[in-house]
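Residue-level structure breakdown
Below are the chains, spelled out letter by letter.
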Amino acid sequence: MAKNFQLPLTHRPRRLRRQHSRRSLVAETVLRVEDLIAPLFVVDGKGAPEPIGSMPGVSRFSIADLVKECAELHALGIPAVALFPKLDARLKDANGTQALNKRTLVLRAVRAVKAAVPELTVITDVALDPYTSHGHDGVLNAAQDDVDNDRTVAILCRMAVMQADAGVDFVAPSDMMDGRVGAIRKALDAAGHTGTGIIAYSAKYNSAYYGPFRDAVGSAKAAGTRLLSKATYQMDPANRREAVREVQLDIAEGADIVMVKPAGLYLDIIRDVRNSTRVPVAAYQISGEYAQIQAAAQLGWLDLARCRDESLLAIKRAGADMILTYFAKEVAKQLKDKR
Ligand code: PBG
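Residues numbered from 1 in each chain as written. Predicted model: local features only at pLDDT ≥ 70, side-chain atom pairs only at ≥ 80, totals over all residues. Heavy atoms only, no water.

**Some words on the site of the ligand**
Spelled out, the test is: Throughout this document, a residue counts as near a molecule or strand when at least one of its heavy atoms sits within 4 Å of that molecule or strand. Polar contact is defined as a pair of N or O atoms within 3.5 Å, subject to the rule that within protein one atom must be able to donate a hydrogen and the other to accept it, and that residues adjacent in sequence are counted only when both atoms are side-chain atoms. Here the Shrake-Rupley method, with its probe set to 1.4 Å, supplies the accessible areas, and only the displayed protein chains count as covering residues. For this classification, Asp, Glu, Lys and Arg are treated as charged, while Ala, Val, Leu, Ile, Met, Phe, Trp, Tyr, Cys and Pro are nonpolar and the rest, including Gly, are polar.
In the vicinity of the ligand there are 17 residues, among which Ser174, Arg214, Lys261, Ser287 and Tyr326 approach most closely. Interatomic distance of 2.8 Å between a side-chain N/O atom of Asp129 and a nitrogen atom of the ligand. Considering the ligand on its own, with 400 Å² of exposed area, one finds that the protein chains cover 100% of that surface. Grouping the amino acids of the shell around the ligand by side-chain chemistry returns seven nonpolar, three polar and seven charged.

**Regarding a nonpolar patch on the surface**
Convention followed: Patch members must show over 30% relative accessible area and no salt bridge, and they are joined within 9 Å when carrying like charges or within 5 Å when they are nonpolar side chains of Val, Leu, Ile, Met, Phe, Trp or Tyr. We define a salt bridge as a side-chain nitrogen of Lys or Arg found within 4 Å of a carboxyl oxygen belonging to Asp or Glu. A run of H or I in DSSP counts as a helix once it spans at least four residues, and a run of E counts as a strand once it spans at least two, with each numbered from the N terminus. The buried label applies to any residue whose accessible area, calculated with a 1.4 Å probe on protein chains only, is under 20% of its type's maximum; exposed applies above 50%, and partly exposed to all values in between.
On the surface, a nonpolar cluster with roughly 310 Å² of combined accessible area is contributed by Phe5, Leu7 and Leu9. Positionally, Leu9 belongs in the segment before helix H1 (20–25). For Leu9, a relative accessible area of 43% puts it in the partly exposed group.

**Quick notes on the nonpolar core**
Rule in force here: For the purposes of this section, nonpolar cores are sets of buried Ala, Val, Leu, Ile, Met, Phe, Trp, Tyr and Cys residues that join through side-chain atoms within 4.5 Å. For this analysis, residues touch if any pair of their heavy atoms sits within 4.5 Å.
With 106 residues, the main nonpolar core has Phe41, Leu66, Val81, Leu83, Ile184 and Tyr284 as its most contacted residues. With 10 residues, the top contributor of residues to this core is helix H4 (residues 149–166). When sequence neighbours within four positions are dropped, the list of residues in contact with Leu66 reads Leu40, Val42, Phe61, Leu83, Ala109 and Val113.

**Notes on the pattern of salt bridges**
What the rule picks out here adds up to 19 salt bridges. Residue Asp309 pairs with Arg308 through a salt bridge whose shortest N-O separation is 3.0 Å. According to the relative accessible area criterion, Asp309 is partly exposed, its value standing at 22%. Residue classification places Arg308 among the buried positions, given a relative accessible area of 6%. Members of the salt-bridge network, linked through shared partners, are Arg32, Asp35 and Lys316.

**Comments concerning the packing of aromatic side chains**
Remark: the centre distance and the inter-plane angle together describe each pair of aromatic rings, the angle taken between the planes. Using the following cut-off: Classification of ring pairs uses Phe, Tyr and Trp, with its six-membered ring standing for Trp, and accepts pairs whose centres are within 6.5 Å; under 30 degrees between planes counts as stacked, over 60 as edge-to-face, and the remaining range as tilted.
What the rule picks out here adds up to 10 aromatic pairs. Plain terms: the ring middles of Phe84 and Tyr284 are 6.5 Å apart, the flat faces sit at 45° to each other, and that makes the pair tilted. Of this pair, Phe84 sits in strand S4 (residues 80–86) while Tyr284 sits in strand S9 (residues 281–285), and the two are 200 residues apart along the sequence. Across this residue pair, the class does not change: Phe84 and Tyr284 are buried. Judged by centre distance (5.8 Å) and plane angle (65°), the ring pair of Tyr290 and Tyr326 falls under edge-to-face. Taken together, the residues span a long stretch of sequence, with Tyr290 in helix H9 (residues 287–298) and Tyr326 in the loop between strand S10 (322–325) and helix H11 (328–338) at a distance of 36 residues.

**Examining unusual backbone geometry**
Residue Lys261 is joined to Pro262 through a cis peptide bond whose omega torsion reads -10°. In this fold, Pro262 is placed in the loop between strand S8 (257–261) and helix H8 (267–276). Positive phi outside glycine occurs at Gln144, with the angle close to 60°. By the secondary structure assignment, Gln144 is in the loop between strand S5 (121–126) and H4. Owing to a relative accessible area of 45%, Gln144 belongs among the partly exposed residues under this scheme. Of note, Met176 is a non-glycine position whose phi angle comes to about 65°, a positive value. Among the structural elements, Met176 can be located in the loop between strand S6 (170–173) and helix H5 (180–190). For Met176, a relative accessible area of 4% gives the class buried.

In short, the description is geometric, and any link to function would need to be established separately.
Here it is in structure tokens:
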């Protein structure tokens, strides 16, 4: 072979990849701290943070520790948190009665966080699963074989108004009942909360990857059994067109932001939704996605930081404007160190 062997190429895409600075000039997607929403779990009492076994690095916080965590996240530049309460099992019943208690855990948590870190955007879930003994997102029908859509929506509306009264910036219906976004918008407006937004879990799939979250909030009973499967309200993972339909309905009903959940296994859905609407799109990298990366890293099979960053970049590249992720704090710290 000749010493100066050279192919007669006009195009050499590798020219753009020579060193980091060149690559950064042409990077099409950049993950920013402003893209991140941190989901946080809160529990009653004054105890130390309770680690969640299936979610290494994630704990349930007392309200006092939650407030401290929120202050740290805010200082790191994270714009928003999504709060999830873990209730004592003794407080749960078939109707999720505690969801409408004015002193319920999540409302006390919202007031404490908003008082301490008013600038931080606070999001709360509107769904009954942390409150029901059966773990469903709503109340059951008379035959006890399905969730009753319309009765559930009526309860969710009251829940959303109470959350708005407590000062949340966005309510996030994650229940997948039909018509709930419109009903909640009306209820919020009737209560004078015209400035409280709705992040709709519009395309929420019936995923097996919610397992660790159900450990975290103690709603696991609903997983797996025929009677208590969430398949009659969460979307079938087989469906793609239907996600766009759900999104369009929620936007027509008044959603300010629409969400796709899970994220990493549903990048095609994120892209479809991004292309089909002009409203901001959120994606939720859920507990099982987080647990998979953590578990493989613990076994020494994957590099934690690189897989974490790649998973989030992929979600953003697919079209998400914001990402709920249990990695939020670690990524924010790393982005800060880089600067
Ligand atoms: C339920 C709810 C779920 C999650 C957020 N809200 C799980 C479920 O539908 O059982 C899952 C989040 C995660 O897995 O990280 N309203």
